[in-house]
Amino acid sequence: MPLTPHENDVILGRGKLISAHPGNVRFRTIVSEKKGIYNQSVDIKVKRNIAISVVEEIELLNPPGRFLIDTSGVKITRIEEGVWVRVEREKAIEKALHRLREKKTAKNNQQSKDKGHSDSKCSEMPNDCQSSSTLLTTARQVSPITTTTFRIDQVTKTETSDQISLQVIQNKSPNNVGKAETAIPIGGDPSRYKTSASTNSKQTLPSEKYSFSNIASDAFAIPTQILEYDPSTKFEPPLYSTTDNSSFIEDISFDVELDAFISRQLNDDLDVDGNKKLTLHQWIDGSRPRVDSNVMDYIKSALLVAKELTGCLIRSKNNAIGNSSFTGIIPLEAIKAINVFITMTRHHSSTESNAIRESVLGKDDKTNTFFFLKDDLEPKQPGQNIFRVDFSIPPDANPSVGSELSRLVALGGILYELFSKGDQFEFDSITLKARSVNELRLNNDEIIDDGSISTGQRSKKTTPCPGDDRFAHLIMRLGNSGIPHPLINLVENLLNSSLGEFSGNDAYRSLDDVHVDLQLVQNNPSRYLDNSMIKANLTFTISDEVYGRKEDFERLLDAYNRCSKGECNGALILGEGGVGKSTLAMNVKEFTIEANGYFVSGKFDRNATRPFMVIGDVFNSICDLFAANIQSIEQERNMAETLTKSLGNGACLLTDIIPSLSNLMPLYTSCNKSSFDAASRTRYLLLTLLDTLSKLSKPITIFLDDLHWIDPASLAFCRALLQSTRGNKNVFIVLCSRESEVQSTKNDEVNDWLNSLNESTIEKIHLANLNPDDVNKLVSHSLRTWPRLTRSLSAILHGKSLGNPFFLRQTMEMLSRGGYLHFSLAERKWKWDLDEISDLRLDDNVVSFLTKEMTKLPDDLLKGLKAASCIGYCIPRDIVDILSKHLEMDLFRVMLSLVQRSYLAWIGSARFQFTHDRIYQAAYELMSEKQRREDHMKFGLAICSCVLDYCEGNYDMMFVGVNQINRGGPDVLADPRQRIMISKLNLNAGHRALLLTDFSSALSFFDHGIKFLNPDHWDTQYQLSLDLFTSASEAACALSDAALVKSFTEAVLAHSRSLDDRLPTVCYAVKSLKESRNLLSCRDCAIEVLTQLGEDVSSVLEIPSKETIQITNNLLMSRMSHDSMITMSPCTQQRAVFVMRLYHELNYVYYVFDQTRLLAISLRMVSLTFEIGLTDTSSLAFANYGVELVARGYLIGSKLGTLALKLAENSKYISYVIAAVKQYNLWVVEPLHAIAESHLVGFYAGKRVGDEFSSSLNYCLHISTSFFCGKDITQIKVALGEYIVQLLENSQQWFLPQSAMLYWLIVELIEGRNFDITKHNPLILNEPGIIAFAASARHLELDVFIDGCKLMRSFLFCCDLTKCGCVLDRVVNATCQLRPSMIIAVFFEGLISFVVARQTTENDEWASRGEIALRYMKRWESSTWNFENKIKLLEAEKMHFLGNFDLASQFYHQAVESSEKHKFLHEQAICLELQGLFFHGRNMREKALNSLQRSVRCYRDWGANAVAERVEQFIQRHFASI
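Residues numbered from 1 in each chain as written. Predicted model: local features only at pLDDT ≥ 70, side-chain atom pairs only at ≥ 80, totals over all residues. Heavy atoms only, no water.

Quick word on the overall build of the chain
Moving on, step 1. Summing up its helical and strand segments, the chain has 66 helices and 24 strands in all.
Moving on, step 2. Per-residue burial over the chain gives 57% buried out of 1522 residues.
Moving on, step 3. Look at the contacts in the chain between residues 6 or more apart in sequence, and 73% of them connect residues 24 or more apart.
Moving on, step 4. Of the roughly 65100 Å² that the chain leaves accessible, carbon and sulfur atoms contribute 49%. (Helix = DSSP H or I, 4+ residues; strand = E, 2+ residues; numbered from the N terminus. Buried < 20%, exposed > 50% of the residue type's maximum accessible area, 1.4 Å probe, protein only. Contact = heavy atoms within 4.5 Å. Areas by Shrake-Rupley, 256 points an atom, 1.4 Å probe, with all protein chains shown as cover.)

Written out as structure tokens, the structure is:
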């Protein structure tokens, strides 16, 4: 139920009302005190622990402070008007972190200055006094404890406690060296002390009086006199100390408190070496709180002393130092408060350590009885002070060490005095004697150590016998003094050790157990030091900490840090349900916030209410965060310009998915929504948006939970997300998935994908159940009971829950509700019966267990829980309001009650959601299958009715309603009219899902719409039926589900009333066959439909005559001269549009099987365009026709290519047209360097329109063309390697052989021919594999490319020249589409032919091949930029072979110049090498050496180090003498 805020609560929200709340004022004060240490720290963990200490201080108030939030959803004018619920502790910590990070505003700074100037008393203080005041103030800022001890010369009490006059002194002067000072409280026994002499050289300030509150308001500011220690008084040097590394606290809150505590005590009374020594009672008197409200501060400080005392006793036992008097262990008789001394040392550098030790040991110490380790006095962190506890052993002490139990009782006495703030505990031999079977007290006789019996009455001063409740009144006094109950129990358990073997299970058995418990209190102050929390939590609260995940947490943090270096782009957390995957993942939120970044999250639901819901919500959140961070109009304008530049008018396509995008940039009212693949286009735009935003300096973390329920559209996006963010230093992805959740093919796909993720870029973390020790920690913390006492209970709970954290927590909740765990008010602790719990039978399955527990809920809560589970994991507020009317109950209030019981969570006043998916599953299984379906139908009809009546256009609500109806199923509904209405709703929902590019959801809607149709639907609802089946075919085709497309197509063909009605479905069928690589069926189907549409396909496919081609070309020339093609009217005939599309599909089929038909098909498409007007495929017609003309030598082909590019500018085929025109057409008139850059444009154009195939093709062509242009092959190698990895990940094998062969060649050029590429990159196909794949493909273009690479490799390495492949016949005599790589292959075969012709006797044959290659190359001599240098080099080689050396020399020179001029660096190197060899053969050594050396430089600049080394070796062999 809603809570009522009190004065200690912190209210979350904005406004003056909330800001003025007393709890918020106190919260800001606490934060202000801790900001100093927070700002000084750079460690994320440390900062988080400081925030936790802020929350704990609030929780330790009386009554305990809570962090509350208003869930009413309306503006309130009074606190009482709100509906307040408690936020999760993590939310409270975030609030504290936010406040700690918050910078002080200029207004506040000015107020602080004004306040400082207006304080006349402070401003009038002497400089030395002001310095001391500053020091004290700084100490307060650093310490989480709001207490400080001050040095005071004189104290004069006035009539009010606030008017204590102080005389502040300066630090000691050098004249005070050697004089030890000790501060004791006023009213203490001064017999052993005397006041410092007036002749002391210590400087004093003028005796002006200052109000105590003017210097500090700390509770530990205790007025004391500065007294000098009297050397005549016996004061034994300490013998044992606590100095070792354990004196430095691991927990940050106590670590800071310890350092600040020592700093407070070190503000005065230091000896020359910076030490301060106090007896325990002096320390107690000096630290005792003056007001009750500061008791907890004293307890925290005393706890530090208690832990060090215990550690000292343990170390004295474990590190016994032998001497003539003692065994090395502190005698039992010496374990008393009067023998305890505390030494505090200010931090010194390592060079001063010896002086410090001399100070501690005493310069004349010769006994070697002072116990410490070598580096004991070295601080754990720079600047940290040192704190030590010592025992001084009286000379006449009995050396007996006693039993372990006796020492425990003695320690209990000291701790009693410590925690009671000085109440003395008197020791005697009876008190310290632990009982055993052989040590029973008979009547009034007492057995002592030597076996004798002591008789008689005890002294009245001794403590009562424990067997007669001797300590009961002491324990009661501790309780009345406000000491926390766990510490009272600790002291009581120590004293009860006197009962020996008759003590209860709670009594201590060893000092180690005591030390462990004290450390636990120190590490968890809010858990063990808060009496009010124990009283307030009698209903039992389970600890919300995370246990057993330290190593996993560190791995996650390491992955996040590596992301900033570009080494890791995410983490994958796997494990069974309930092991804490989401809890661990949420730690990344803190990392991101500390890095000043943005954290967004989404959780997949198997019953998602709307398409693309999670991804859309994630990006909406990102846009909202960026919009909220915009600080100025200029920043807003820059943001809009950057996004507009990267997204263009495609941004309007994202508005349905990301409505919040409009907050960052203006959106075009209209844009071209035509896309080759809408889903791919959407993915590209989303990823472009993310990449753009991530470059604006804000780190972004995306957390996607429950990946095992991901939908196919989101899965495809996540695949692309991880690929696109690889190496992005500002984007970190966290994924969570349940390992064993494999119930469908979809989950198989998810697991296969997750298993394939590269662990070098994705950190995989597998979470297991908790081990028994971690379970015990959770149980102990939850019960606020020492772990040694809960170990047996934890063992039973571990066995019943198998260590599953969620199951364990639920089990403990059940035990608490059932009374198996109950709080004893008398004993102030939780109790249980092990036998009862052990005999309790629980379900092994957590869902069954939860289901049984839910049945015990009140009827209204049970009804609300069932209704919530029907809706889904998240329940929007507006749906709750609709169901409230339908169920005739206040469902909102019911759900708030379920929030209080931790079944639901109330998220941001917008929706409820289940706290765990196992709770959601259990609630859903409360109902039978029949009841579920009935409720789904009822709820769905109610929601849809509301949508139709009042909320038209609310698509989110429509999706919820339609999903509910579909889950109910058509069998639940009998009314024909309602069934028709539901079919129409499904059709609308499906079309909306298509707009969101969630084709899987769209197909589901269409399929359900078909199922809801009445039996005679083709007769009575023909148009609705046709629309549903046609739309279903479209969605199935987009999903590449050929079987479903075939099924829907057959239904349409069987019932359609006209050809026009079935044409769209048939076209989807043809496209589906093509994409499934069933090309023969695709061809037959397309021809059949074209024939039905009146096309004479057999005639069309005949190879056209030259006359026909010339006629068409003449027509084109006449039309193009007036730019009439660009302004041609669009086609309005739907059938003609389908004819063009079907011919385009045929063009693809014949490109694979028979390229001789391509000219005929493209010619027919051009002719149809003249007849019917422009269609979306007209640009393809001109592009393909132009390619065919260029291959046959018609110059008009290049003009058609340019025309095709203009027509395709706003077409979904733009990427395909760029690839076809640039690679197969315009290379005749454009430089290859420009062609390479154009393919990069085509790559991005394909991404924008969703044409993944053409986009990938363009990138492949960009890389290969860049290689043939002579670009740096080391850079090409990197890009090509990444591209091949993406091809493998996306199963795009069509481009793999060409890319692999080129990669193989590049690696050999860099590393050498003997380099094992499989070791370098095992993903790359080896050469036999490449050749085998090419052979299976039977594609001329691929064959020539592979053989061309082999020719180039043979030539550059001067090996296997006579064994390399032949491409001349295939290229020269072919009438297929040509690309530059094919012509370059001819060029290298020509070079090899002339070289071999000079070296062999069969020179005529090789020379003939070289001549053929030269003649073929001259066909393209009009392309001066691309081929002039190649033709010149072949001419030079020909002249060289023929012996015409003068012409050869000229051609070599021209070839070198042309290569350099046209920027073909690699070919310049080849020309120079061949020129050098030519000069070398002519015995022109200087020219030869010059050319060869230049060749080496060019090869190295190109990146071909292996080739350069080959030439260098030639130079060394033949030019060593030069």
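Examining the packing of helix α31 (residues 846–854) against helix α35 (residues 917–924)
Relative placement of two packed helices is described by the angle separating their axes and the distance separating the axes.
Moving on, step 1. Packing of α31 against α35 brings their axes to within 8 Å, and their N-to-C directions diverge by 60°. With respect to their mutual orientation, α31 and α35 come out oblique. In terms of crossing hand, the pair formed by α31 and α35 is right-handed. Mapping the contact onto sequence places Val 846, Val 847, Leu 850, Thr 851 and Met 854 in α31 and Arg 918, Ile 919, Gln 921, Ala 922 and Ala 923 in α35.
Moving on, step 2. Class assignment for the residues of the contact of α31 with α35 results in seven nonpolar, two polar and one charged. (Axes fitted to C-alpha atoms, helices over the stretch in contact; angles between N-to-C directions. Parallel < 35°, antiparallel > 145°, perpendicular 65-115°, else oblique. Left-handed = near helix turned anticlockwise from the far one by under 90°. Nonpolar A, V, L, I, M, F, W, Y, C, P; charged D, E, K, R; others polar.)

Focus: the confidence of the model for the chain
The predicted coordinates of low-pLDDT regions are not to be read in fine detail.
Moving on, step 1. Summarising the model, the chain shows a mean pLDDT of 77, and 77% of its residues fall at 70 or more.
Moving on, step 2. Under a pLDDT of 50 for its full length, residues 105–258 has, in the predicted model, 309 contacts with residues more than four places off or in other chains.
Moving on, step 3. Low confidence marks residues 434–468, where pLDDT is under 50. Its contacts with residues over four positions away, or in another chain, come to 67 contacts. (pLDDT = per-residue confidence, 0-100.)

Here's the deal with the sheet that holds strand β22 (residues 874–876)
Moving on, step 1. The three strands are arranged β22-β24-β23 in an open sheet whose pairing can be described as antiparallel. In this open sheet, the two edge strands, each paired with only one partner strand, are β22 and β23 (904–907). With strand direction ignored, the average angle separating the axes of adjacent strands in the sheet is 25°.
Moving on, step 2. Of the strand pairs in this sheet, β22 and strand β24 (residues 911–914) are connected by three bridges, and their pairing is antiparallel. Its bridge partner lying in β24, Pro 876 is registered against Arg 911. (Pairing = 2+ DSSP bridges.)

Some thoughts on the nonpolar core
Moving on, step 1. By size, the foremost hydrophobic cluster in this structure holds 164 residues, and its most contacted members are Met 854 and Phe 914.
Moving on, step 2. With nine residues, the top contributor of residues to this core is helix α41 (residues 1022–1038).
Moving on, step 3. Counting 102 residues, the second largest nonpolar core, distinct from the first, contains Ala 1191, Leu 1309, Leu 1351 and Ala 1407. (Core = buried A, V, L, I, M, F, W, Y, C linked by side-chain atoms within 4.5 Å.)

With respect to the environment of Phe 599
Moving on, step 1. With respect to the element layout, Phe 599 can be found in strand β16 (residues 598–603).
Moving on, step 2. Residue class for Phe 599 comes out buried when judged on its relative accessible area of 13%.
Moving on, step 3. The spatial distance from the C-alpha of Phe 599 to the C-alpha of Ile 700 is 6.0 Å, given a sequence separation of 101 residues.

Some details on the environment of Asp 705
Moving on, step 1. Following the sequence through the fold, Asp 705 ends up in strand β17 (residues 700–705).
Moving on, step 2. Along the primary structure Asp 705 and Leu 735 are separated by 30 residues, whereas in three dimensions their C-alpha atoms are 6.0 Å apart.
Moving on, step 3. With residues near it in sequence (within four places) discarded, Asp 705 still touches Ser 582, Gly 602, Lys 603, Phe 604 and Cys 736.

A closer look at the sheet that holds β16
Moving on, step 1. Taken together, the five strands give an open sheet; going across it, the order is β16-β17-β18-β15-β19, and neighbouring strands pair in parallel fashion. For this open sheet the edge positions go to β16 and β19 (762–767), each flanked by a neighbour on one side alone. The average angle at which neighbouring strand axes cross in this sheet is 15°, direction not considered.
Moving on, step 2. Pairing geometry for strand β15 (residues 570–575) and β19, over six bridges, is parallel.

Side note on the pattern of salt bridges
Any two side chains of opposite charge can pair, on the condition that their charged atoms come close.
Moving on, step 1. According to the stated counting rule, one finds 50 salt bridges in the structure shown.
Moving on, step 2. Each of Arg 555, Asp 558, Arg 562 and Glu 763 takes part in salt bridges that share partners, so that together they form one network. (Salt bridge = Lys/Arg side-chain N within 4 Å of Asp/Glu carboxyl O.)

Focus: the packing of helix α60 (residues 1380–1399) against helix α61 (residues 1403–1418)
Moving on, step 1. The geometry of α60 relative to α61 is characterised by a closest axis approach of 8 Å and an angle of 150° between their N-to-C directions. Relative to α61, the element α60 lies roughly antiparallel. For α60 against α61, the interelement crossing comes out left-handed. Between α60 and α61, the contacting residues are Ile 1383, Val 1386, Phe 1387, Glu 1389, Gly 1390, Ser 1393, Phe 1394, Val 1396 and Ala 1397 on the first element and Asn 1403, Trp 1406, Ala 1407, Arg 1409, Gly 1410, Glu 1411, Ala 1413, Tyr 1416 and Met 1417 on the second.

Let's talk about helix α36 (residues 929–949)
Moving on, step 1. The end-to-end C-alpha distance of α36 is 30 Å, a good match for the 30 Å that 21 residues give at a rise of 1.5 Å each.
Moving on, step 2. Within the sequence span of α36, burial applies to Arg 932, Asp 935, His 936, Met 937, Phe 939, Gly 940, Ala 942, Ile 943, Cys 944, Cys 946 and Val 947.
Moving on, step 3. Tucked into the core, α36 has its buried residues touching α32 (859–871), α33 (877–887), α35, α37 (955–968), α38 (976–995) and α39 (999–1012). (Expected span 1.5 Å × (residues − 1).)

Some thoughts on helix α53 (residues 1252–1268)
Moving on, step 1. Under the 1.5 Å per step criterion, the end-to-end length of α53 is 24 Å for 17 residues, consistent within 8% with the ideal 24 Å.
Moving on, step 2. Burial within α53 is extensive, with 15 of its 17 residues counted as buried.
Moving on, step 3. Once α53 ends, the next one or two residues include Gly 1270, with phi positive near 85°.

Remarks on the environment of Glu 545
Moving on, step 1. Inspection of the secondary structure assignment puts Glu 545 in the loop between α18 (531–536) and α19 (550–563).
Moving on, step 2. With a relative accessible area of 27%, Glu 545 lands in the partly exposed category.
Moving on, step 3. Here the alpha-carbon distance between Glu 545 and Lys 777, two residues 232 residues apart in the chain, equals 9.9 Å.
Moving on, step 4. The residues touching Glu 545, leaving out its near neighbours within four places in the chain, are Asn 524, Arg 527, His 781 and Arg 809.

Focus on the packing of aromatic side chains
Moving on, step 1. In total, this model carries 35 aromatic pairs according to the counting rule given.
Moving on, step 2. The interplanar angle of 50° and the centroid separation of 5.3 Å between the aromatic rings of Tyr 1259 and Tyr 1283 together place this pair among those described as tilted. Of the two residues, Tyr 1259 is situated in helix α53 and Tyr 1283 in helix α54 (residues 1273–1289); the sequence distance between them amounts to 24 residues. The exposure classification of Tyr 1259 matches that of Tyr 1283, with both residues buried. (Phe/Tyr/Trp six-rings, centres within 6.5 Å; stacked < 30°, edge-to-face > 60°.)

Examining the state of the cysteines
Disulfide: a covalent bond formed between the sulfur atoms of two cysteine residues.
Moving on, step 1. This structure, assessed with the given rule, holds zero disulfides.
Moving on, step 2. With no disulfide of its own, Cys 1498 has Cys 1471 as its nearest cysteine by sulfur position, at a separation of 9.7 Å.
Moving on, step 3. Residue Cys 1498 is classed as buried on the basis of its relative accessible area of 8%. (Disulfide = S-S within 2.5 Å.)

Observations concerning the pairing of strand β2 (residues 67–70)
Moving on, step 1. Pairing of strand β1 (residues 10–12) with β2 involves three bridges; the strand directions are parallel. The partner of Leu 12 across the bridge, within β2, is Ile 69.
Moving on, step 2. Sheet topology places β2 next to strand β3 (residues 84–86); three bridges connect them, and they run antiparallel. In the strand pairing of β3, Asp 70 is matched with Trp 84.

Here's the deal with unusual backbone geometry
Moving on, step 1. Note the cis peptide between Asn 62 and Pro 63, where omega equals 0°.
Moving on, step 2. Position of Pro 63 relative to the elements: it lies in the loop between α3 (44–59) and β2.
Moving on, step 3. Phi at Glu 888 takes a positive value of approximately 55°, unusual for a residue other than glycine.
Moving on, step 4. Although it is not a glycine, Arg 1077 sits at a positive phi angle of roughly 65°.
Moving on, step 5. In this structure, Arg 1077 sits in the loop between α43 (1059–1075) and α44 (1079–1092).

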